[in-house]
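Descriptive analysis of the structure
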Amino acid sequence: GETDAMIQTLERVVQIAPVNSTVLITGESGTGKERVARGIHALSPRKHRPFIATNVAALPETLLEAELFGHEKGAFTGAIGQRKGYFELAHRGTLFLDEIGEMPLATQTKLLRALEEQRIRRLGGEAEIQLDVRVIAATNQPLRDLVELGSFRRDLFFRLNVLHIELPPLRERRDDVPLLVDSFVRVASREHDRPGVTISQDALNILIGYDWP
């Protein structure tokens, strides 16, 4: 993108990348929150370490804690062996938690402790494990409103929202539409081994003028 909104966003990514603070990325679905998170990681001193991404909303509550923090053998039915969680897998790297607004309150409490102390305890385990993980969280929901409603912990919100990037929706950066179209055409041509196509100005005008809900 070359619109002012995207240039400001990219400048913010460059500013944020070198430090270790947690980052909260907000914006509507499809605005590119995970791409921005990967960009922050790629420009950070952690770039040669793991980038682990997970969608909190895609995991049932019963499995979420085990996936994040790992589990010991026999911790629950079906836990036939020890398993590292996403925090351990992201050690010295970056952990991206998408749709953080969907996280149950009980897990929020444990996430807050992990962020504050940089320690986790596997499900069914006794020993605490010291870790070095940078957390980047993302949501398409208004977290401040969820805090007021009591469905998101206020202290966790402030712990995540140390650095903040708000991604603009496409309808607020319409001048980037031709650039995006050109990029998608090139990617599709390469992936499918097909010659490139030309998009007429009339077609581009329709795309630029669309309201992009």
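The structure presented is a predicted model; accordingly, all values stated were derived computationally and were not measured.

Some points on the overall build of the protein chain
Summing up its helical and strand segments, the protein chain has 9 helices and 7 strands in all. Seen through its principal axes, the protein chain has C-alpha atoms that stretch 65 × 45 × 35 Å. Evaluated residue by residue, the protein chain yields a buried proportion of 41% over its 213 residues. Residue pairs at least 24 apart in sequence account for 73% of intrachain contacts in the protein chain once pairs closer than 6 positions are excluded. A total of about 12,100 Å² of accessible surface is found on the protein chain, and carbon and sulfur atoms cover 51% of it. Each charge class in the protein chain was averaged separately, 27 positive and 30 negative side chains, and the resulting centres sit 7 Å apart.

With respect to the pattern of salt bridges
Going through the model one piece at a time under the given rule, you end up with 14 salt bridges. Glutamate 128 serves as the salt-bridge partner of arginine 113, at 2.5 Å between the closest nitrogen and oxygen. Of the two residues, arginine 113 sits in helix 5 (residues 105–117) while glutamate 128 sits in the loop between strand 4 (119–120) and strand 5 (129–130), which places them 15 residues apart along the sequence. Residue class for arginine 113 comes out partly exposed when judged on its relative accessible area of 33%. As a salt-bridge pair, arginine 121 and glutamate 128 come within 3.6 Å of each other at their nearest N and O atoms. On the basis of relative accessible area, glutamate 128 is assigned to the partly exposed category, the value being 32%. It is possible to trace a salt-bridge network through shared partners that takes in Arg113, Glu117, Arg119, Arg121 and Glu128.

Comments concerning the pairing of strand 3 (residues 94–98)
In terms of residue burial, strand 3 counts as a mostly covered element, since 5 of its 5 residues are buried. Here strand 3 shows two buried faces, one formed by Thr94, Phe96 and Asp98 and the other by Leu95 and Leu97. Sheet topology note: the strand 2 (residues 51–55)/strand 3 ladder contains 5 bridges and is parallel. Across the sheet, phenylalanine 51 pairs through a bridge with threonine 94, a residue of strand 3. Across 4 bridges, strand 3 lies against strand 6 (residues 134–139) in parallel orientation. Paired with phenylalanine 96 across the strands is isoleucine 136, a residue of strand 6.

So, the layout of surface pockets
Space inside the largest pocket adds up to approximately 840 Å³. The wall of the largest pocket is formed by 30 residues, among which Thr31, Gly32, Arg35, Arg173 and Leu180 lie closest to the centre. Broken down by secondary-structure element, the contributors of at least two residues to the lining of the largest pocket are helix 1 (4–16), helix 2 (33–42) and helix 8 (177–192). In terms of residue count, helix 8 provides more of the lining of the largest pocket than any other element does, 7 residues in total. Here the residues of the lining of the largest pocket are counted per class, giving 17 nonpolar, 8 polar and 5 charged.

Reading guide: rules and limits
- Along each chain, residues carry numbers from 1 onward, in the same order as the chain's sequence is written.
- The predicted nature of this model means local features are confined to residues of pLDDT at least 70 and side-chain atom pairs, given and counted, to a pLDDT of 80 or more, with totals for whole chains, interfaces and linings taken over all residues.
- Water and hydrogen atoms play no part in the side-chain values, which are based on all heavy atoms of the structure.
- Segments assigned H or I by DSSP are reported as helices when at least four residues long, segments assigned E as strands when at least two residues long, and all are numbered from the N terminus.
- Burial classes follow relative accessibility: with a 1.4 Å probe on protein chains only, a residue under 20% of its type's maximum area counts as buried, one over 50% as exposed, and anything between as partly exposed.
- Note on definitions: a residue-residue contact is assigned when non-hydrogen atoms from the two residues lie within 4.5 Å.
- Note on areas: Shrake-Rupley with a 1.4 Å probe; residue coverage comes only from the protein chains shown.
- Charged-residue counts in this description rest on Lys and Arg as positive and Asp and Glu as negative, His and the chain ends being excluded.
- The atom standing in for a charge is NZ when the residue is Lys, CZ when it is Arg, CG when it is Asp and CD when it is Glu.
- Put simply, a salt bridge is a Lys or Arg side-chain nitrogen that is within 4 Å of an Asp or Glu carboxyl oxygen.
- Paired strands are those between which DSSP finds at least two bridges.
- Grid points spaced at 1 Å over the protein atoms alone were grouped into cavities, where a 1.4 Å probe fits but cannot get out, and pockets, open sets with protein on both sides within 12 Å along at least five of seven lines, with lining residues defined by an atom within 4 Å of a point.
- Grid points are joined across faces, edges and corners, and a volume is the space filled by probe spheres set on the points.
- Basically, the charged four are Asp, Glu, Lys and Arg, the nonpolar ten are Ala, Val, Leu, Ile, Met, Phe, Trp, Tyr, Cys and Pro, and anything else, Gly included, counts as polar.

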